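Results of the structural survey
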Amino acid sequence: MAMPGSLRRQPANRGLVSHCTHHHIVVFLLTFFSYSLLHASRKTFSNVKVSISSQWTPSCLNSTAPELRPYKLWNSSHLFPNAGEATLFLGTLDTIFLFSYAVGLFVSGIVGDRLNLRWVLSFGMCSSALVVFSFGTLTEWLHFYNKWFYCCLWVVNGLLQSTGWPCVVAVMGNWFGKAGRGFVFGLWSACASVGNILGAFLASCVLKYGYEYAFLVTASVQFAGGVIVFFGLLTSPKEVGLPELGADENDVSVEEDANRPLMGSDDVDDDDRNYSVQATDNDSQPKAIGFFQACCLPGVVLYSLAYACLKLVNYSFFFWLPFYLSKNFGWKEAEADQLSIWYDVGGIIGGTIQGLISDVLQKRAPVLAVSLLFAVGSLFGYSRSPNSKPINAVIMAITGFFIGGPSNMISSAISADLGRQDVVKGNSEALATVTGIVDGTGSIGAAVGQYLVSLIQENLKWMWVFYFFILMTSSTILFISPLVVREIKLLLHERRLRMLAE
Amino acid sequence: MLGAVGGFALLLLPLLLPRAARGVAVCGLCPGLPRNGSLVSRFCESHGDTESDGRCCRERGPTSGQLLGLDLSNCSLHNVPPELAEATTAIVLDLTENPLTTLPSGSFLGFTQLQSLAVPPALECPGGSDAWQDVTVDRNSRLCQGQRNPCNTSVELAWPCPENSVCAPDGPGLIQCLCDGPFHGYKCLREGTFPMLLFGGILGTATVSLSLLLWGTQRRKAKTP
């Protein structure tokens, strides 16, 4: 039996610890910070919005006061007549970004599986850094302000940024097997939040020199990250001759029995491949899976739809929470910004703990379902939070735990599970494609959600926004319920078998 | 030798031209020289080292120097001519004996040096009498003397300057807001200069060393498919 085969027979929970080499740690850190940097440059944009909109508008005083002089210093910029319209435009840019990001995710997953993941990731990081640099720094240095130019750049940026997530999840999926994946990915999903904090920190450090330097700094750091990824990232264990991870499988007889014929042929395939890697390295690259094939993989469509609903709620929390807090409770904007970090904290802890539980159970859908049921309750509780910062922070962290946690888990660990399931194994590369589909559908949900929330919030009361969130969370539960039923059946079946064996 | 000097002057001319040309149009607005014994000619005589150029008197120099005085009296002006904006360096200005009806508030924008201004007696001093230390009226003119700094008045300004900027005088009764201290750029939003070299150096070094380190430990042995 070849190495991969014997590896596959190992008990699930020992896989993580016994095979953790320094390569694993470097891959974890590199992918973590790659995505953090991508997210940091998005956060920078939202943090410099105030500065940008004042750069784009003339000084606005009340109508009775005379115009400020000298004219060139105070009123020469006329891209927008007032700050309100600039804010509206910046909101439009956010929506444009989310949509082009969603479209890009579908494409770049497919591209990532066909080309070298390292090249795609490093190209995505460097080129998107250049776009951000042109958007924020170059236009300001040249004093070239043009709405359409900004829109075009942001569409391109969305497309380029979307290369990040499918690639990093695919690389992580290559290195970390299903055993322990829930925990590792839960911890790793903190990269988005770390990116937010990093972006906010970098922006606040250099904002006093001018907003163009906030863009310059994040873009250069992101570019440097792309270069480092190019020189340092190993996309898969087989690149250094380590045994490749087998397909994820439940080391349980039920599934194995079902897949016996498939796996038998797989093993042969594996042997061949290992041999060819050492010998010629030619045509060892497995064929990539097609887009529609990937959609047809079991669970992909259901999880994508579920994630669309859940990401909608999750992103609405990101975008609207500070605004809601300062509007509804009258808290200062900076305080509200700081307080909203607790939602992230809850999400990270939630993702990690729920991932750990799902590793032990070896089933993810039931954990998600339970967490989401609690999420409905915590949303209801949060909508009735009293006007007190500590209490609000605690309920916010709990809500983050039950909403951010499952959201992180679907976008990382479950995507990786789906892309490396038995059906795919051996004959194709599907990881990035599947991740792209799941996250892309989710991003469309998020983009639509931003629009809907602003609509509901303007026309109805905030309470209706929360009812909308509850509706969306319930739809998520609805979409994953077939999977929950199937997995619980499997779980019971396994237990029965085990009891029979004893 | 002379040719060389001339060539040098010709080279300099484009640099000096904007300053030298300033006031030319306004000086030729009316025929003649400053009236003998008028406010402007008295000022220029006492000042010494000046020369007249049409209705103007300016500092004497190899090229025409800064405009110091301008006599537009008896010019049949019905309103303030736009060319007046060229004479912002004037210390003395005479507008008497013209059928002027108003002095719009912005007419004297930038006239921060102006010390004596004579206007027809029917008109108020620009910026109001509060903007001047001394206002005297006689048969032919109203003489506004000694500009007050509008930023230093004990009365609070109707509109304070925005953040990071300070008030500066900008002509009689007029103020402008200029960036304060380390602030600069549009709306004085920027402070200090970005340490570009330091940032580039640190980032470049970190990138190169991390790339080398990771290449050595990770990718050196990698087999690229």
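Nothing here was measured: the structure is a model prediction, and the numbers come from that model.

Time to look at the UniProt feature "domain: EGF-like" (unreviewed entry) in chain B. Cross-referencing UniProt, the feature "domain: EGF-like" (unreviewed entry) maps to residues 177-188 of chain B in the present numbering. The span residues 177-188 of chain B shows a helical share of 0% and a strand share of 42%, and its end C-alpha atoms are spaced 10 Å apart.

It is worth spelling out the nonpolar core at this point. By size, the foremost hydrophobic cluster in this structure holds 132 residues, and its most contacted members are A:Phe317 and A:Leu325. With 13 residues, the top contributor of residues to this core is helix 15 (residues 300-328) of chain A. With residues near it in sequence (within four places) discarded, A:Phe317 still touches A:Pro322, A:Tyr343, A:Leu379, A:Tyr382, A:Thr399, A:Ile403, A:Phe466 and A:Phe469. Residues B:Cys27, B:Leu70, B:Leu95 and B:Cys144 belong to the second largest nonpolar core, which totals 27 residues.

We now examine the domain arrangement of chain B. Domain annotation for chain B reports domain 1 (19-148) and domain 2 (195-223). Computed over C-alpha atoms, the centres of domain 1 of chain B and domain 2 of chain B are 67 Å apart.

Attention now goes to the side chain of A:Thr163. Residues and elements named next belong to chain A. By the secondary structure assignment, Thr163 is in the loop between helix 8 (147-161) and helix 9 (164-175). Only 2.6 Å separates the side chain of Thr163 from the backbone oxygen of Leu160, close enough to count as a polar contact. Once residues lying within four places of it in the same chain are set aside, the contact partners of Thr163 are Ser108, Val120 and Gly124.

So, about the sheet that holds strand 6 (residues 132-137) of chain B. Residue and element names in this part refer to chain B. Judged by pairing direction, the sheet is mixed, and its seven strands sit side by side in the order 1-2-3-4-5-7-6 without closing on themselves. Only two strands of the sheet have a single neighbouring strand rather than two, namely strand 1 (50-53) and strand 6. Each strand of the sheet is rotated relative to its neighbour by a mean of 15°, with strand direction disregarded. As paired strands, strand 3 (residues 67-71) and strand 4 (residues 92-94) are joined by three bridges and run parallel to one another. Counted as the bridge partner of Leu70 is Leu93 from strand 4. Where helix 3 (residues 39-47) meets the sheet, its contacts fall on strand 1, strand 2 (56-59), strand 3, strand 4, strand 5 (116-119) and strand 7 (142-147), and the angle it forms with strand 4 comes to roughly 155°.

Residues and elements named next belong to chain A. Viewed as axis vectors pointing N to C, helix 6 (residues 83-114) and helix 8 meet at an angle of 35°, and their least axial separation amounts to 7 Å. The way helix 6 lies across helix 8 gives a crossing that is right-handed. From helix 6, Phe89, Leu93, Ile96, Phe97, Ser100, Tyr101 and Gly104 reach across to helix 8, where they touch Lys147, Tyr150, Cys151, Trp154, Val155, Asn157, Gly158, Leu159 and Gln161. Among the residues making up the contact of helix 6 with helix 8, the classes are represented as ten nonpolar, five polar and one charged.

Now for the interface of chain B and chain A. Contacts between chain B and chain A engage 38 residues on the former and 50 residues on the latter. Roughly 3600 Å² is buried in total at the junction of chain B and chain A, and carbon and sulfur atoms are behind 64% of that figure. Where chain B touches chain A, the interface holds two salt bridges. The tally of links between chain B and chain A comes to 14 residue pairs in polar contact (both at pLDDT 80 or more). Elements represented by at least two residues in the side of chain B that touches chain A include exactly strand 9 (175-179), strand 11 (190-191) and helix 4 (196-219) of chain B.

Residue and element names in this part refer to chain B. In total, this model carries seven disulfides over all chains according to the counting rule given. Paired by a disulfide, Cys125 and Cys144 hold their sulfur atoms 2.1 Å apart. Between Cys125 and Cys144, the S-S torsion sits near -100°, and that sign places the bridge as left-handed. Remark: Cys144 occurs in strand 7 and Cys125 occurs in the loop between strand 5 and strand 6; sequence separation between them is 19 residues.

Conventions and cut-offs
- Along each chain, numbering runs from 1 in the same order as the chain's sequence is written.
- As a convention, the first chain written is A and the first ligand written is 1, with the rest following in written order.
- Two thresholds apply to this predicted model, a pLDDT of at least 70 for residue-level local features and 80 or more for giving and counting side-chain atom pairs, whereas whole-chain, interface and lining totals are computed over all residues.
- Each side-chain value is worked out from all heavy atoms of the structure, with water and hydrogens disregarded.
- UniProt positions are given in the numbering used here, feature names are shortened, and annotations may be inferred rather than shown by experiment.
- Each helix is a run of DSSP H or I of at least 4 residues and each strand a run of E of at least 2, with the numbering of both proceeding from the N terminus.
- Residue types Ala, Val, Leu, Ile, Met, Phe, Trp, Tyr and Cys, when buried and joined through side-chain atoms within 4.5 Å, form a set referred to as a nonpolar core.
- Only protein chains enter the calculation, and the probe is 1.4 Å; a residue is then buried if its accessible area is under 20% of its type maximum, exposed if over 50%, and partly exposed in between.
- For this analysis, residues touch if any pair of their heavy atoms sits within 4.5 Å.
- Note: domain ranges come from an automatic or database domain assignment.
- Polar contacts, as used here, are pairs of N or O atoms within 3.5 Å; protein pairs need one atom able to donate a hydrogen and one able to accept it. Residues neighboring in sequence count only if both atoms are side-chain atoms.
- One bridge is not enough; two strands pair if DSSP finds at least two bridges between them.
- Axis lines are fitted through C-alpha atoms, for helices just across the contact stretch, and the angle between N-to-C directions can take any value from 0 to 180 degrees.
- Two helices that cross are described as forming a left-handed crossing if the nearer one is turned anticlockwise from the farther one by less than a right angle, and a right-handed crossing if clockwise.
- Residues are grouped as follows: nonpolar covers Ala, Val, Leu, Ile, Met, Phe, Trp, Tyr, Cys and Pro; charged covers Asp, Glu, Lys and Arg; every other residue, Gly included, is treated as polar.
- Here the buried area means the combined drop in accessible surface, using a 1.4 Å probe, for two parts upon being joined, counting both sides.
- When a carboxyl oxygen of Asp or Glu is within 4 Å of a side-chain nitrogen of Lys or Arg, the pair counts as a salt bridge.
- Any two cysteine sulfur atoms lying within 2.5 Å of each other are counted as a disulfide.

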